[in-house]
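# Tertiary structure, described
In case you want the letters, here they are:
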Amino acid sequence: MQVIATAGHVDHGKSALVRALTGMEPDRWAEERRRGLTIDLGFAWTKLPGGERVAFVDVPGHERFVPNMLAGVGPVPAVLFVVAADGGWMPQSAEHLAAIDAVGIRHGLLAVTRSDLADPGPATRQALDRIARTSLGAVSAVAVSAVTGAGLPELRDALTRLVAALPVPDPAAPVRLWVDRSFSIRGSGTVVTGTLPAGTVSLGQELLLTPSLRPARIRGLESMNEPVGSATGVARVAVNLRGIPAGLPARGMALVEAGRWTLTRLIDVRLSSRDPVMSLPPELSLHVGSARTRARARPLGDGPVARLMLRDALPLHVGDRVLLRDPGSAGVTILGATVLDVAPPALARRGAAAAAGRELGAWPERPSAADLLRRHGLLRSGALTAMGVARDREPVAGDWLADPERWAVLRRRLAEIVAAHAKRDPLAAGMAPGAARAALGLPDRALVEALARDPQAQGAHGAQFRLEDGYLRPAAVPDAASSLPPKVAAAVRAVLADLADAPFAAPEAGRLQDLGLDQRAIAAAARAGLLLRVAEQVVLAPDAAPQAARILARLPQPFTTAQARQALGTTRRVAIPLLEYMDRAGITQRLPDDRRRLRLRSAGGQGVRASGGRLTPASWPRGGAGGRRRLRRRARNPISRRVRPGPIRSSRHQAMSVKTTTSRTCTPMASSQAEGR
Ligand SMILES: Nc1nc2c(ncn2[C@@H]2O[C@H](COP(=O)(O)OP(=O)(O)O)[C@@H](O)[C@H]2O)c(=O)[nH]1
Ligand SMILES: [Mg+2]
């Protein structure tokens with residue numbers, strides 16, 4: 001089916017025409033019928049000659065009821081524009097047309113009514129000329145009389161052609177059903193009606209009622225007074241809701257699908273008019289769908305871009321069209337605007353507003369994931385979905401999506417931070433990822449881990465750091481000793497001199513103490529690859545393991561610990577931890593009878609590489625033993641976020657965790673909150 005709204009000046013015959021086309025009474029209220037004046041929206045439907053069903057939303061034409069008119073026109077794809085042959089172009093003809101243009105409706109038809117009372121020619125020419133300059137463009141015109149019935153067959157044919165040309169919306173599109181009526185039926189409970197522009201609603205489905213985000217299950221569904229199991233947009237639907245008290249829903253609220261909309265009070269928009277935003281009144285009415293709220297406008301730069309602070313939170317997508325109106329102005333001020341961001345970042349720095357205006361001014365009407373990521377740097381995949389934007393890339397960590405440029409900047413900054421930390425405290429094990437997360441202002445530690453895992457982090461140029469044993473530290477530098485305090489470097493040189501003649505006579509604890517090599521210093525020297533530390537107090541030269549392997553290769557295989565100790569010319573204090581180290585490194589294999597054999601034909605040759613002074617089989621991930629410890633990825637389950645709604649974190653520059661409580665993904669409200677309403 002299709003839904004078409006009427007439009008046009010009061011008393012030009014809109015309601016009479018809908019009545020003539022459908023046989024239904026669009027003026028629902030007794031007061032409307034008594035006064036012969038449409039005050040609120042009316043609904044009627046019929047079958048066209050070709051069998052297509054079409055519903056009409058009949059709007060009031062009186063200037064006092066323009067907000068009602070906007071609520072009717074907001075969600076529909078097409079209009080039946082009405083001008084009276086004997087009335088001609090009138091103020092609300094112009095105002096309604098401006099509204100249609102602002103909302104961006106592209107399909108319509110002109111009916112010149114009351115053509116039994118005057119020549120329809122002049123009114124037709126006048127109206128077509130004005131309509132042609134709007135989003136409707138060139139439309140067909142039909143002269144009709146609701147009284148004589150003249151022209152009605154031609155109008156039905158024209159409607160059939162119009163409906164056939166309308167685009168078919170995506171049945172899988174996110175559901176947003178703007179409520180235009182709400183009432184309760186004895187025995188059934190709460191019912192809301194609305195125009196479903198796209199997507200599908202079905203019996204049993206759970207939706208959320210904005211702005212409370214209270215869950216509402218569809219208990220009953222009707223389309224054009226007939227019960228249906230499901231309805232696909234475009235459709236007029238009446239929905240019987242479970243879980244919503246009668247009296248709660250109201251026009252302007254919406255039923256939305258969880259996770260697919262952003263509920264927001266703060267939006268960045270671009271006006272369709274060429275007028276600069278500076279001329280915008282600071283207080284405006286904002287209309288979208290059947291909703292109406294107040295908006296305070298802040299120009300972003302001196303172009304057509306503005307930030308709007310809304311009095312009420314609305315479920316919006318990037319790319320939505322909104323209508324802005326200044327009810328206080330003497331003339332009619334109606335402006336259309338495109339929503340460019342539904343969770344805009346704070347404008348903290350000087351000049352940020354103008355910069356945002358320049359950036360957003362160049363965005364397309366339907367901003368892409370790339371556009372939004374360039375602006376936000378990082379976004380959760382779920383947040384992007386809730387913005388109505390399709391994901392075009394894989395996450396960098398968890399469900400985080402990143403702008404490539406921002407990611408590269410973060411990598412460089414992380415390298416700097418890690419290097420600075422190592423310089424400040426050369427003997428430290430490294431920087432904890434949590435500290436790096438805070439320093440970078442990132443919202444999630446998994447991002448730091450992903451930055452460290454990124455192959456570019458290990459690259460030959462620029463950022464060089466790694467995550468090992470749970471700490472971030474600079475990648476091995478060519479002159480490792482220079483990374484140590486001079487005293488420690490000198491002590492290490494002394495140890496290595498001791499070992500030059502007797503490579504397996506590890507210095508005794510007393511000797512280490514005399515040299516000033518405490519546990520921290522030894523650990524730092526080992527990390528720098530200057531010493532091999534096989535036990536707390538047992539240090540050897542970095543190449544001790546391959547050297548030992550060459551000697552042990554000459555023994556009959558397998559060999560005992562005593563044989564190995566003798567061959568290496570050392571004590572049990574050194575031999576046992578060294579052999580255990582070689583077991584771990586895969587150089588030797590320990591048998592059940594405690595004897596060992598060399599695993600490799602030529603130790604130190606193929607299949608083994610030095611890493612940070614340690615030998616590791618090449619098949620291990622870089623970083624050796626520490627790398628094996630799988631980085632615990634914090635699996636952030638997007639489902640779990642749906643249970644507790646939280647603010648979308650918008651990220652910008654270093655202050656990446658700026659939280660905007662002004663927007664959040666539409667997720668069911670907590671049940672404790674639900675009781676409150
Ligand atoms: N003679 C004649 N009167 C009409 C025609 N259409 C509407 N009217 C009358 O015009 C008045 C206003 O019509 P209505 O449908 O309420 O206008 P609306 O305010 O645009 O909905 C009513 O008195 C109608 O009976 C028509 O085609 N011919
Ligand atoms: Mg009317």
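Notes on the structure in this doc start here. (Residues numbered from 1 in each chain as written. Chains lettered and ligands numbered in written order. Predicted model: local features only at pLDDT ≥ 70, side-chain atom pairs only at ≥ 80, totals over all residues. Heavy atoms only, no water.)

Lining the immediate environment of ligand 1, one finds 16 residues, of which Asp11, Ala16, Arg114, Asp116 and Ala146 sit closest. A distance of 2.8 Å is found between an oxygen atom of ligand 1 and a backbone nitrogen or oxygen belonging to lysine 14. Separating an oxygen atom of ligand 1 from a backbone N or O atom of alanine 16 is a distance of 2.7 Å. Starting from 570 Å² of accessible surface for ligand 1 in isolation, the protein chains cover 77%. Of the residues assigned to the shell around ligand 1, the class counts are five nonpolar, seven polar and four charged. (Near = heavy atom within 4 Å. Polar contact = N/O pair within 3.5 Å; in protein donor to acceptor, adjacent residues only side chain to side chain. Areas by Shrake-Rupley, 256 points an atom, 1.4 Å probe, with all protein chains shown as cover. Nonpolar A, V, L, I, M, F, W, Y, C, P; charged D, E, K, R; others polar.)

Between glycine 233 and valine 234 the backbone carries a cis peptide bond, its omega angle lying at 10°. Topologically, valine 234 is positioned in the loop between strand S14 (230-232) and strand S15 (235-242). That bond from glutamine 557 to proline 558 is cis: its omega, -15°, falls within 30 degrees of zero. Even without being a glycine, aspartate 594 presents a positive backbone phi close to 75°. Mapped onto the secondary structure, aspartate 594 falls in the loop between strand S29 (588-590) and strand S30 (596-598). (Helix = DSSP H or I, 4+ residues; strand = E, 2+ residues; numbered from the N terminus.)

A few words on the packing of helix H17 (residues 561-568) against helix H18 (residues 572-584). To characterise two packed helices, one gives the angle between the axes of the helices and the distance between these axes. H18 packs onto H17 with a crossing angle of 115° between their chain directions and a minimal axis gap of 10 Å. Considering their axes alone, H17 and H18 lie roughly perpendicular with respect to each other. As for the relative orientation of H17 and H18, their crossing is right-handed in sense. Along its contact with H17, which presents Thr561, Ala564, Arg565 and Leu568, the element H18 presents Arg572, Ala575, Ile576, Leu578 and Leu579. (Axes fitted to C-alpha atoms, helices over the stretch in contact; angles between N-to-C directions. Parallel < 35°, antiparallel > 145°, perpendicular 65-115°, else oblique. Left-handed = near helix turned anticlockwise from the far one by under 90°. Contact = heavy atoms within 4.5 Å.)

Looking now at the nonpolar core. In this structure, Ile267, Leu286, Leu308, Leu324, Leu372, Leu384 and Met387 are the most contacted members of the largest nonpolar core, which totals 49 residues. Here this core gets seven residues from one element, more than from any other, and that element is strand S20 (residues 305-316). Those residues in contact with leucine 286 that lie beyond four places of it in its chain are Ile267, Ala291, Arg292, Thr293, Ala295, Leu308, Leu310, Leu314, Val322, Leu323 and Leu324. Counting 40 residues, the second largest nonpolar core, distinct from the first, contains Leu517, Ala525, Ala548 and Tyr581. (Core = buried A, V, L, I, M, F, W, Y, C linked by side-chain atoms within 4.5 Å. Buried < 20%, exposed > 50% of the residue type's maximum accessible area, 1.4 Å probe, protein only.)

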